[in-house]
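As a plain string of letters, each chain reads:
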Amino acid sequence: MINHDTFRAQLRALGFQQAELLNRHHKTFPALDGAELVVDFDAGRLVFPTAQGLRITSNTTTNFNHAEKAVVFECVHRLLSQGYHPRLLELEPTWNVGHGSSGGRADVLVRDHDGRAVFIVECKTPGVEFD
């Protein structure tokens, strides 16, 4: 579970604004068609800019069930901050590999403007998981 106080402090450090009278923090990227990232603490949801084309293969990325989800959220924030358009990003993509194998899954896939995979990001929380 994500520690809400720590996560709020991280969001403030990243330039997120708290919505008036709501337990939500948000940040808009005007240069990326107004893409917005939102953390809704009341609903326990992480909201990504799907209206601008970001694809989410599995909604497990959008909730607070594991601290790694905050790391994925920050990774997406940093990619957007670097100018990667949301339509180039996919969360929790899967691949079929081998014969009958269940395949693999990554946290973030980044594509080029022609839709080709450029790189994947596997997010880990600091400490034991990272080590």
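The structure we're discussing is the one just above.
Everything numeric in this text was worked out from a predicted model, so none of it was measured.

Parameters at a glance
- Residues numbered from 1 in each chain as written.
- Predicted model: local features only at pLDDT ≥ 70, side-chain atom pairs only at ≥ 80, totals over all residues.
- Heavy atoms only, no water.
- Pairing = 2+ DSSP bridges.
- Helix = DSSP H or I, 4+ residues; strand = E, 2+ residues; numbered from the N terminus.
- Salt bridge = Lys/Arg side-chain N within 4 Å of Asp/Glu carboxyl O.
- Buried < 20%, exposed > 50% of the residue type's maximum accessible area, 1.4 Å probe, protein only.
- Core = buried A, V, L, I, M, F, W, Y, C linked by side-chain atoms within 4.5 Å.
- Contact = heavy atoms within 4.5 Å.

**Q** Explain the sheet that holds strand E2 (residues 24-29) to me, please; I cannot follow it from the model alone.
**A** Hydrogen bonds along the backbone pair up the strands of a sheet, which may run parallel or antiparallel. Pairing is antiparallel in the open sheet, where 4 strands are placed in the order E1-E2-E3-E4. Because the sheet does not close on itself, it has two edges, and the strands there are strand E1 (17-18) and strand E4 (45-47). As paired elements, strand E3 (residues 35-40) and E4 share 3 bridges and run antiparallel to each other. When the bridges of E4 are listed, Val38 appears paired with Val47.

**Q** Explanation requested: the pattern of salt bridges in the structure shown.
**A** Where side chains of opposite charge bring their charged atoms close, a pairing between them can arise. In the structure shown here, the tally under the stated rule is 10 salt bridges. Of the charged contacts in the structure, one is a salt bridge between Glu90 and Arg55, with a shortest N-O distance of 3.7 Å. With Glu90 in strand E6 (residues 89-91) and Arg55 in strand E5 (residues 55-56), this pair connects stretches of sequence that are 35 residues apart. We note a salt bridge from Lys69 to Glu92, for which the minimum N-O separation is 3.9 Å. With Lys69 in helix H2 (residues 68-81) and Glu92 in the loop between E6 and strand E7 (94-95), this pair connects stretches of sequence that are 23 residues apart. With respect to burial, Lys69 and Glu92 carry one shared label: buried. Ionic contacts of the salt-bridge type, sharing partners, join the residues Arg55, Glu90 and Arg111 into one network.

**Q** Quick question: what am I supposed to make of the sheet that holds E5 here?
**A** In spatial order, the strands read E5-E6-E9-E10; together these 4 strands make up an open sheet with mixed pairing. Each edge of the open sheet is held by one strand with a lone partner, namely E5 and strand E10 (117-121). With 3 bridges joining them, E6 and strand E9 (residues 108-111) adopt antiparallel strand pairing. Paired with Leu89 across the two strands is Val110, which belongs to E9.

**Q** Where do I start with the nonpolar core in this structure?
**A** The nonpolar side chains of soluble globular proteins are, as a tendency, buried together. In terms of nonpolar packing, the biggest core is built from 28 residues, with Phe7, Leu37, Val39, Phe48, Phe73, Val76 and Val108 touching the most fellow members. Every element with two or more residues in this core is listed here: helix H1 (4-13), E3, H2, E6 and E9. Per-element tally for this core: the top contributor is H2, with 7 residues. Look past the residues within four positions of Phe48 in its chain and what remains in contact with it is Glu36, Leu37, Leu54, Ile56, Thr61, Thr62, Phe73, Val76 and Leu91.

**Q** Please clarify how the side chain of Gln52 should be interpreted in this entry.
**A** Inspection of the secondary structure puts Gln52 in the loop between E4 and E5. Not counting the four nearest positions on each side in its chain, Gln52 is found in contact with Leu32, Asp33, Gly34, Ala35, His85, Pro86 and Arg87.

**Q** Hey, could you run me through unusual backbone geometry in this one?
**A** Backbone geometry at Asp33 places phi at a positive 60°, although glycine is not the residue there. Secondary-structure assignment places Asp33 in the loop between E2 and E3. The exposure class of Asp33 is exposed, given its relative accessible area of 54%. The phi dihedral of Glu92 falls on the positive side, at around 60°, and the residue is not glycine.

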